[in-house]
Amino acid sequence: MSRIGKKPVDLPSGVTATISGQTIEVKGPKATQHFTATDDVTLTVEDNTVTVTPRGNSKRARQQWGMSRTVVSNMVKGVSVGFKKELEINGVGYRASMTDAKTLKLMLGLSHDVNYQVPDGVTVTCPKQTEIIIEGDNAQLVGQVAANIREWRKPEPYKGKGIKYKDEYIFRKEGKKK
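Calculation rules
- Position numbers for residues start from 1 in each chain and track the written sequence from start to end.
- Note on the predicted model: pLDDT of at least 70 is required for a residue's local features to be given, and 80 or more for side-chain atom pairs to be given and counted; whole-chain, interface and lining totals, by contrast, use all residues.
- In computing side-chain values, all of the structure's heavy atoms are included and hydrogens and water are not.
- For the purposes of this entry, the term helix denotes a DSSP run of H or I that reaches at least four residues, the term strand denotes a run of E that reaches at least two, and both are numbered from the N terminus.
- C-alpha atoms define the radius of gyration in this analysis, and the globule rule sets the expected value at 2.2 Å times the number of residues to the power 0.38.
- Only heavy atoms enter the contact rule, under which two residues are in contact if any of them lie within 4.5 Å.
- All accessible-area figures derive from a Shrake-Rupley calculation using a 1.4 Å probe, and residue coverage is judged against the displayed protein chains alone.
- For this count, His and the chain ends are skipped, Lys and Arg are scored as positive, and Asp and Glu as negative.
- Working definition for charges: the position is that of NZ of Lys, CZ of Arg, CG of Asp or CD of Glu.
- At least two bridges found by DSSP between two strands is the condition for calling them paired.
- In this analysis, axes come from line fits to C-alpha atoms, helices being fitted only over the stretch in contact, and the angle between any two N-to-C directions falls in the range 0 to 180 degrees.
- What makes a salt bridge here is a side-chain nitrogen of Lys or Arg within 4 Å of a carboxyl oxygen of Asp or Glu, nothing more.
- The classification of residues rests on relative accessible area computed with a 1.4 Å probe and restricted to protein chains. Under 20% of the type maximum is buried, over 50% is exposed, and intermediate values are partly exposed.
- What is meant by a nonpolar core is a set of buried Ala, Val, Leu, Ile, Met, Phe, Trp, Tyr and Cys residues, joined one to another through side-chain atoms within 4.5 Å.
- Take the residue count of a helix, subtract one, and multiply by 1.5 Å to get its expected span.

Let us now look at the overall build of the chain. For the chain, the count of helices and strands is 3 helices and 13 strands. Over its C-alpha atoms the chain spans a radius of gyration of 21 Å, topping by over 25% the 16 Å that the globule rule assigns to 178 residues. Taken over the C-alpha atoms alone, the chain extends approximately 65 × 40 × 25 Å along its principal axes. Counted over contacts in the chain with a minimum sequence separation of 6, partners at least 24 positions apart contribute 48%. A total accessible area of about 10,800 Å² is found for the chain, and carbon and sulfur atoms account for 49% of it. Taken as two groups, the 29 positive and 19 negative side-chain charges of the chain have centres that lie 9 Å from each other.

If you want it as structure tokens, here you go:
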């Protein structure tokens, strides 16, 4: 039994969900999102709650049960509140800035500046030169953009230089002793 799948997804005020076949459409104040579930689960909407139940007791049906419920929950949160990831840049001379609405310019000590094209559906802002805020209504897309930006300079354990998530802890190592 899936502990996550058993929980119903509550729809906050201003959010509506409609089901046609295996496709659920969630509308909210921020956006509209669609998700097509596999034939292994059944989606139902009753009294401002969405429930996901498995069809059968196969391993695949149980896997899809919890995953489908989590995707629907993320859609509801995304269209009502949205998702946000914050990155910090540490290092001498390391900084970020937005050149236009869709291009993030990163200066990370490489021989060239990195120009990262921000995909549609995501908003990137730089309130300071050492902070990057990524916001959007799709949890997967926001997390992927944050991971792609972090990939240019992962934090290293000796001095802590690089791009890290704001709440991430970097395990520091002691340097070479003389």
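On we go from here.
So, about the sheet that holds strand β7 (residues 83-90). The antiparallel open sheet is built from 4 strands, whose spatial order is β11-β12-β7-β13. Each edge of the sheet is formed by a strand with only one pairing partner; in this case those strands are β11 (122-125) and β13 (162-165). Ignoring strand direction, the axes of neighbouring strands in this sheet form an average angle of 20°. Sheet topology note: the β7/strand β12 (residues 131-136) ladder contains 6 bridges and is antiparallel. Within β12, the residue paired with L87 across the bridge is I132.

Attention shifts here to the pattern of salt bridges. Scanning the model with the defined rule gives 11 salt bridges in all. K105 serves as the salt-bridge partner of D113, at 3.6 Å between the closest nitrogen and oxygen. A relative accessible area of 26% places K105 in the partly exposed class. Of the charged contacts in the structure, one is a salt bridge between E151 and K154, with a shortest N-O distance of 3.8 Å. Salt bridges sharing partners connect three or more residues here, namely K84, E86, K128, E131 and K166.

This part covers the nonpolar core. One finds I89, L104, L106, V124, I132, I134 and I149 to be the most contacted residues of the largest nonpolar core, which totals 20 residues. If you list the elements that add at least two residues to this core, you get β7, β9 (103-107), β10 (114-117), β11, β12 and α3 (139-150). Ranked by residues supplied to this core, first place goes to α3 with 4 residues. Setting aside anything within four residues of it in sequence, one finds I149 in contact with L87, L104, L106, Y116, I132, I134 and I163. Counting 18 residues, the second largest nonpolar core, distinct from the first, contains L11, A17, W65 and V76.

As a further point, take the sheet that holds strand β2 (residues 16-20). The strand order across the open sheet formed by 3 strands is β2-β3-β4, and the pairing between neighbours is antiparallel. Each edge of the open sheet is held by one strand with a lone partner, namely β2 and β4 (32-36). Between one strand and the next, the sheet's axes are offset by a mean angle of 15°, whatever the strand orientation. Looking at chain direction, β2 and strand β3 (residues 23-27) are connected through 5 bridges and run antiparallel. Following the sheet pairing, A17 is matched in β3 by V26. This element, helix α2 (residues 59-80), spans β3 and β4 of the sheet and lies at about 175° to β4.

Once that is clear, we can look at α2. The terminal C-alpha atoms of α2 lie 33 Å apart, and with 22 residues this matches the ideal 32 Å at 1.5 Å per residue to within 8%. Buried within α2 are the following residues: A61, Q64, W65, G66, S68, R69, V72, M75, V76, G78 and V79. The first or second residue beyond α2 is G82, which carries a positive phi of 100°.

Fair warning: the whole summary comes from geometry, so function is off the table for now.
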